[in-house]
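Examining the three-dimensional arrangement
Each chain is listed here by its residues.
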Amino acid sequence: MEIKTKQAGWEGHDLDGLDRNFLLPGVLKVFNDTLEWADANALKILACNNDIFGRPIEEVLPNCSIFRGKQKEVVSQVVELGNCQVLVTSIMSETPMELRLIILHQLDAEMITENIPRTEIYKEIDHLLESIHNDVLIADGKGVIVRVNPSFEEIYGITEEEAVGQTVFEMEKREVFVPSVTAMVLKQKQKLTIVQENRKGRKIVVRAVPVFNERNEIERVVSYSQDITDYLALKDQYEKLEELMKRYSSEIRELREKEVFFPEFVGKSPKMKQVLGLAMKVASVESTVLLTGESGVGKNLIARLIHQKSDRNEGPFIEINCGAIPENLLESELFGYEKGAFSGANREGKFGKIELAQNGTLFLDEIGELPLSLQVKILKVIQEKSLTKIGGTKQIKVDFRLISATNKDLETLVREKQFREDLYYRLNVVPINIPPLRERREDILPLMMQSLKETNSQYQKEKSLCKDAVDILLSYGWPGNVRELKNVMERLVVTADDDVIRPSGLPDNFQIPAESNSKVLPLREAVELLEKELVQKAYERYPTSVGVAKVLGISQPTAARKLRKHLGNYSKMNK
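Residues numbered from 1 in each chain as written. Predicted model: local features only at pLDDT ≥ 70, side-chain atom pairs only at ≥ 80, totals over all residues. Heavy atoms only, no water.

**Some words on the overall build of the protein**
Secondary structure summary: the protein contains 22 helices and 23 strands in total. Scored against the burial criterion, the 575 residues of the protein give a buried share of 46%. Intrachain contacts of the protein at a sequence separation of at least 6 include 61% that bridge at least 24 residues. (Helix = DSSP H or I, 4+ residues; strand = E, 2+ residues; numbered from the N terminus. Buried < 20%, exposed > 50% of the residue type's maximum accessible area, 1.4 Å probe, protein only. Contact = heavy atoms within 4.5 Å.)

**Topic: the sheet that holds strand β8 (residues 145-148)**
Reading across from one edge, β8-β7-β12-β11-β10-β9 is the order of the six strands in this open sheet, with antiparallel pairing throughout. Since the sheet does not close on itself, it has two edges, and those belong to β8 and β9 (177-178), each with one partner. Note: β9 against strand β10 (residues 192-198), two bridges, orientation antiparallel. Residue pairing for β10: F177 is matched across the bridge by N198. (Pairing = 2+ DSSP bridges.)

**A short note on a negative patch on the surface**
On the surface, E153, E154, E160, E161 and E162 cluster together into a negatively charged patch. Put simply, the parts of the chain that give the negative patch at least two residues each are α4 (151-156) and α5 (160-163). Looking at the negative patch, the element that brings in the most residues is α5, giving three residues. Along the chain, E153 falls in helix α4. Assessed through its relative accessible area of 43%, E153 is described here as partly exposed. (Patch = residues over 30% accessible without salt bridge, like charges linked within 9 Å, V, L, I, M, F, W, Y side chains within 5 Å. Areas by Shrake-Rupley, 256 points an atom, 1.4 Å probe, with all protein chains shown as cover. Salt bridge = Lys/Arg side-chain N within 4 Å of Asp/Glu carboxyl O. Lys, Arg positive; Asp, Glu negative; His and termini not counted. Charge placed at Lys NZ, Arg CZ, Asp CG, Glu CD.)

**Some points on the packing of aromatic side chains**
Summed over the entire model, instances satisfying the criterion amount to four aromatic pairs. The interplanar angle of 80° and the centroid separation of 5.3 Å between the aromatic rings of Y156 and F177 together place this pair among those described as edge-to-face. Of this pair, Y156 sits in helix α4 while F177 sits in strand β9, and the two are 21 residues apart along the sequence. Here Y156 and F177 have matching classes, each one buried. Sitting above the plane of the F400 ring, K385 keeps its charged end 4.6 Å from the centroid. (Phe/Tyr/Trp six-rings, centres within 6.5 Å; stacked < 30°, edge-to-face > 60°. Lys NZ or Arg CZ within 6 Å of the ring centre and 35° of its normal.)

**Some points on the environment of E442**
Topologically, E442 is positioned in the loop between β21 (430-433) and α16 (444-459). Note on E442: relative accessible area 46%, which makes it partly exposed. When the C-alpha positions of E442 and K271 are compared, they lie 9.9 Å apart, and in sequence the two are 171 residues distant. With residues up to four places along the chain from it excluded, the contact list for E442 reads K268, S269 and P270.

**Examining unusual backbone geometry**
With an omega dihedral of -10°, the bond running from V178 to P179 counts as a cis peptide bond. Mapped onto the elements, P179 comes out in the loop between β9 and α7 (181-188). Even without glycine at this site, W478 takes up a positive phi of about 50°. Within the secondary structure layout, W478 lies in the loop between α17 (467-475) and α18 (481-495).

**Quick look at α17**
Within α17, seven of the nine residues are buried, leaving the element largely enclosed by the surrounding structure. Looking at the packing, one finds that the buried side of α17 touches α16, β22 (464-465), α18, β23 (500-501) and α20 (545-552).

Remember that the coordinates give geometry; whether it matters functionally is a separate question.
The following block contains the structure:
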């Protein structure tokens, strides 16, 4: 069987002119481009039998080009089949997309065996329209509605009887659908896809296709629509969940890299009790906090304490050291970037630390190291509570509590034009200064014991300190503060050969120097009195023999002898 085709629209044939030039139309059902079923009329028009079932539709009608691709519209083409002309109309279903209904109308009068009334043709068309899940509307060249299928009422809330005979322009005025895609097609003379809104406020995606005659005039406009409101809501919910999952994943990675265990705070000294009291006070409010103090005093622990005692304690605690990251990478760490923002960037993009701190606390350690170029951007984030990722244009709203810390004098940096004055005042709302360890010596022994306990547990050891080793450690100045103390305790636990750590096992900078010369007073009768007074005062301030020895400039054994001599209860306390 030889089939020839000629590309055309409707070739001058429309529904009103087909009442006496048609045999019964044939219907084909195609799924996934394979012919699944054909009625008797279709087999008669094709001059085939049901052996063609299961064959690709392009083999059944090999030169009919409308089957190529996945058109989501009603398309037609006239083909020559033997001595006959056959109008092939393909209707692609939206759900499932692989389903296609094909209507075959024989046009040649030579093969007419009977006349078919117009009503029979319309019944067949109505039957096909009813089988289509999506709404279908057919209008003429003037915008008058001539056909709708049953789904129309469900989507637009108007019956077929009310719709047929009305114009799409009237429907648009009545806000049955806004805007009218058919009206737009009649004006632009091309197929269009738009999103409408019906009177119920639901979103409808509509596709409309014009049908031209031989004079290139629009004879019909066929449109079909689908309610996508629920789909859009699900899509929006999915995107929000996906964004939330990405953020949670990033937060989990962030937390895994950091110590999440918060140790019991040691604050026996009056100065440290004052610091902790102020920290607890500001934890209950949203004020920005600036922590100052020497390196190693525990600024990050105070920041964590404020976070855990605040109303944001269920949110993340995100920490970034502004001095530990190269300047060219710091911006992307803080603000994140969109996918493809720069060469070498993660293909999926990246969340910045600021965005990860959503509903939690952002801790900017070593804020004094922040480059001037980034100080402007941080200030903007603090003021506007929004940011823009690198390579992006979208403003992202952020909600976090800001705590910053520095071991530098920011006021001096402001005077030297190395730190922005406006940013300084934004950060310095509630300043908390953490004193160095040498100014709160009452905390040294508790910190040593706590650190020793934690390190023993970590390495499954049972090391302890002898009294003389404790005395030496207590008299040390600890320039590296709490961080140095913890490092020393870990080193002692790991390197000590015996379970009891003695002075000989301490690092070199803790070793007792050779015996110093005692100071000789010129008045012999005043020596005893003055010595007693000096020893008592030294012991009040430095309650160890090592501390007394250092402050008086004598050896430790000499200091111990003088303590036993001048302090009656010293021997009992140190047995």
